[in-house]
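Listed below, chain by chain, are the residues.
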Amino acid sequence: MNRPIKKIAVLGSGIMGSRIACHFANIGVEVLLLDIVPNELTEEETQKGLTLNDKAVRNRIVNNAFQTTLKQKPASLYNSKDSALITLGNFDDDFPKIADYDWVIEVVVENLKIKKLVYDKVEQFRKPGTLVTSNTSGIPIHLMAEGRSEDFKKHFCGTHFFNPPRYLRLLEIIPTESTDPKIVEFLMYYGDLFLGKETVLCKDTPAFIANRIGIYSILSTMHTVEKMGLTVGEVDKLTGPIVGHAKSATFRTMDVVGLDTTVNVANNLYEGLPDDESREGFKLPGIVKEMYDRKWLGDKTKQGYFKKTVSPEGKKDILEIDLKTYEYGSRSKANFDSVGAVKDIENLKERISILVNYDDKAGEFYRATFYDMFRYCTNRIPEIADELFRIDQAVAAGFAWEMGPFETWDALGVRETAQKMKDAGLAPAPWVDEMLSGGNESFYKFEKGKQLYYDIPSKTYKVVPGTEGLIILDAFKENNKVWENSGATLYDVGDGILNLEFHSKMNSLGQEVLEGINTGISTAEKDFRGLVIGNEGQNFSAGANLAMLFMYAGDQEFDEINMMIAQFQNTMMRARYSSIPVVVATSGMALGGGCELSLHSDAIQAHTETYMGLVEVGVGLIPGGGGTKEMTLRASDSYFPGDSELNKLQDHFMTIATAKVSTSAQEAKNIGFIRPSDEFTLNRSRLLADAKAKALELANSGYTEQTQRTDIKVQGKVGLAMFEAGLVGMKYGNYISEHDMKIARKISWVMNGGDLSYPTLVSEKYLLDLERECFLSLCGEPKTLERIHSILFKGKPLRN
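Predicted model only: the values in this text are computed from it and were never measured.

With that settled, consider a nonpolar patch on the surface. On the surface, Y189, L193 and F194 cluster together into a nonpolar patch covering about 280 Å² of accessible area. Tracing the backbone shows L193 in helix 9 (residues 181-193). Its relative accessible area of 38% is what places L193 among the partly exposed residues.

Quick look at the structure:
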């Protein structure tokens, strides 16, 4: 459907409205953000002599809301400059402007009467064919469409973003019977490709899919907590990253969202679902109702299940509520055997299987909550969705889970778990038994590189719609594995392209991963056309594996360290100089060695949520895998006649010396980690496919191995003197420590090419040798060992 979206109007500038506006600005769309006109002056406006007719007053609500959004962390914009794409206005003066806009999104208060009044004005000023959608989280879409013109209804739909819309990937699309199917198709396509969302088609049922399942799951957890007598700290440990859920887990999430929000949705669901077999589950548990009655709603009331405090001495602390006494005290820890048993297991599916089946109190908690959620999900088909994959997509993307309910059940074994659910009095819907009776042992399976789901009406497996062009590495594990070791796996992903996946802890770069990179390049050079380095995890790579370095440094084995760093440098240079294109697909953290690998690739295909940086100074070192060399090279390449070369070099120096980490791929581009020729992917699910396409593009354009650079301009003693003056000033001003100054001098030494008498052109090898020498000299520093030890052993003191 040819429907270009160049301009969008957002009606309502509250938290969601302003953040939705920002996310459209992130992709370059012009936005008109409108809100109501205030009906009285503030004291400050009165003192200034303003009247209700002044523009500053009339736009006060939208101005204040938008400025609040711009100040919030994490940022809603990829690049702060993009705020210029958003024009602010008010309903009374600026509503006629929507006639020039391609899409109008309503984000006003959750009140049907108010929404209908807004639609009266939309109907008055929109041009025929303009998209109109609502971001409601629960008001039936068909009720909002009642009484509207045929053209309005044809182009009207629910588009439910989750907060914060930049970071949470879900976009629920909820049509009415009157919505043109082509509009639905367009919104599914646009949300996926342009907004980077997991677009999920929903039925117009109470709370749609994600909140229906999510709120039930939260309340089920609360009922179980109350029954078992668990603490806030125990529950948040058990329901966070350990099971692939968000770090904010359960209680912290409710504090952030606001307990009143959870309560309101739960109450609405209880009233709106008279026929739900689990309706009583939406009744508020005592540990929710008591907090709500006390108006301890979380961050918005400065206290909830957690409370931030500051002692008279200025020490900050976070206390948690005692769910029996409702008094605040020290945070509790989860001292369960099951938690200890999985601490070194990186594979989420293995971890969950152990936790749920463990014979301790945590295992009992997991069985109670997971089995109840599984049961509830099976009973919601076909009420809220006809296909099980839509429930997984909505819940995982909406609540930042790594696996949805049915994917989790698959990891536990469907048949075995179904029997345990029956034994616990939580039998699933009959269709699960029918599936198993037909010899179908899982909800998902992989065939010929495709992900299939079990289709209940046909009792067969079908390809998950929208995944046809994606690369899902699980689909290649059975038949397309080319090579593997304990740290990495090499897959043939078709069309002559290999994909190297890391699976070390945090995808850190140790000996096994370096072997994988070298093997991947050598194999591709022999039999393939290109190599993609990327994975489907939350992070590309958190950096080099520090454990081996710490061991060698502690034993004063400097020859071993020298060899280790030389191997790391050689591997990075191998990525830069080979006969095939090497493309890295970054997402999440790309830090330290992960950043250095990215810098040395032929191309970066970056997910927009890429957080990239050379962070080695944080552990008392300098980038030693070619990172310092590469930033010097990039500074040199940026010089133009008449430039202040020293100022440009200083910018690159400060990037390393301050361990600057980008907050988005766009910022990584602004910093200089990502080149203008590199490309972005908005939808994380498409990242590997886009990286593969980039590798093919390079191969098809006649990729040729380059020769190592010998034309890198360094400043020598002139640059050293300038940097030294700045460092001395910072030291005297107590901005940096003695050790910080020592590290900065090492960075300066490499980036200026040592104490050369005058500016000179040098080679990459020359800079790599300097870099390795300086890195090695810092490895023996006691402060460096202390910092590395603190990271490896979580702050425990270093004993001699």
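Now that the structure has been shown, the text picks up again.
Bringing the confidence of the model for the protein chain into the picture now. For the protein chain, per-residue confidence averages 95 on the pLDDT scale, and residues scoring 70 or more make up 99% of the total. Every residue in residues 796-800 is under pLDDT 50, and counting partners more than four places away or in other chains gives six contacts.

This part covers the packing of helix 26 (residues 627-637) against helix 32 (residues 764-779). Orientation of helix 26 relative to helix 32, taken along the N-to-C sense of each, is 135°, at an axis distance of 8 Å. The orientation of helix 26 relative to helix 32 falls into the category oblique. Of the two elements, helix 26 crosses helix 32, and the hand of that crossing is right-handed. The segment helix 26 lies against helix 32, with G627, T628, K629, T632 and L633 engaging E764, L767, L768 and E771. Broken down by class, the residue content of the contact of helix 26 with helix 32 amounts to three nonpolar, three polar and three charged.

Ranked by size, the top nonpolar core spans 114 residues in total, and within it V122, F251, Y305, Y366, I391, F406 and W431 carry the most contacts. Those residues in contact with I391 that sit more than four places away from it in its chain are I209, I213, C377, I381, I384, A385, P405 and F406. Counting residues in each nonpolar core, the second largest holds 66 residues, with I533, A635, I674 and V750 among its members.

Our next topic: the sheet that holds strand 8 (residues 198-201). Judged by pairing direction, the sheet is mixed, and its eight strands sit side by side in the order 3-2-1-4-5-6-7-8 without closing on themselves. Of all the strands in the sheet, the pair left with one neighbour each is strand 3 (86-90) and strand 8. Direction aside, neighbouring strands of the sheet carry axes that sit 25° apart on average. In this sheet, strand 7 (residues 170-175) lies alongside strand 6 (residues 156-161) in antiparallel orientation, the contact comprising five bridges. Bridging across to strand 7, C157 finds its partner in P175.

Moving on, we come to the packing of aromatic side chains. As enumerated under the stated definition, the model contains 30 aromatic pairs in all. Taken together, a centroid distance of 5.5 Å and an interplanar angle of 35° make the contact between F186 and Y190 tilted. Residue F186 and its partner Y190 are both found in helix 9; the two are separated by four residues, about one turn of the helix. Both rings, one in Y216 and one in F282, keep their centres 5.6 Å apart while their planes meet at 70°; by these two values the pair is edge-to-face.

About the cut-offs
- Residues numbered from 1 in each chain as written.
- Predicted model: local features only at pLDDT ≥ 70, side-chain atom pairs only at ≥ 80, totals over all residues.
- Heavy atoms only, no water.
- Patch = residues over 30% accessible without salt bridge, like charges linked within 9 Å, V, L, I, M, F, W, Y side chains within 5 Å.
- Areas by Shrake-Rupley, 256 points an atom, 1.4 Å probe, with all protein chains shown as cover.
- Salt bridge = Lys/Arg side-chain N within 4 Å of Asp/Glu carboxyl O.
- Helix = DSSP H or I, 4+ residues; strand = E, 2+ residues; numbered from the N terminus.
- Buried < 20%, exposed > 50% of the residue type's maximum accessible area, 1.4 Å probe, protein only.
- pLDDT = per-residue confidence, 0-100.
- Contact = heavy atoms within 4.5 Å.
- Axes fitted to C-alpha atoms, helices over the stretch in contact; angles between N-to-C directions.
- Parallel < 35°, antiparallel > 145°, perpendicular 65-115°, else oblique.
- Left-handed = near helix turned anticlockwise from the far one by under 90°.
- Nonpolar A, V, L, I, M, F, W, Y, C, P; charged D, E, K, R; others polar.
- Core = buried A, V, L, I, M, F, W, Y, C linked by side-chain atoms within 4.5 Å.
- Pairing = 2+ DSSP bridges.
- Phe/Tyr/Trp six-rings, centres within 6.5 Å; stacked < 30°, edge-to-face > 60°.

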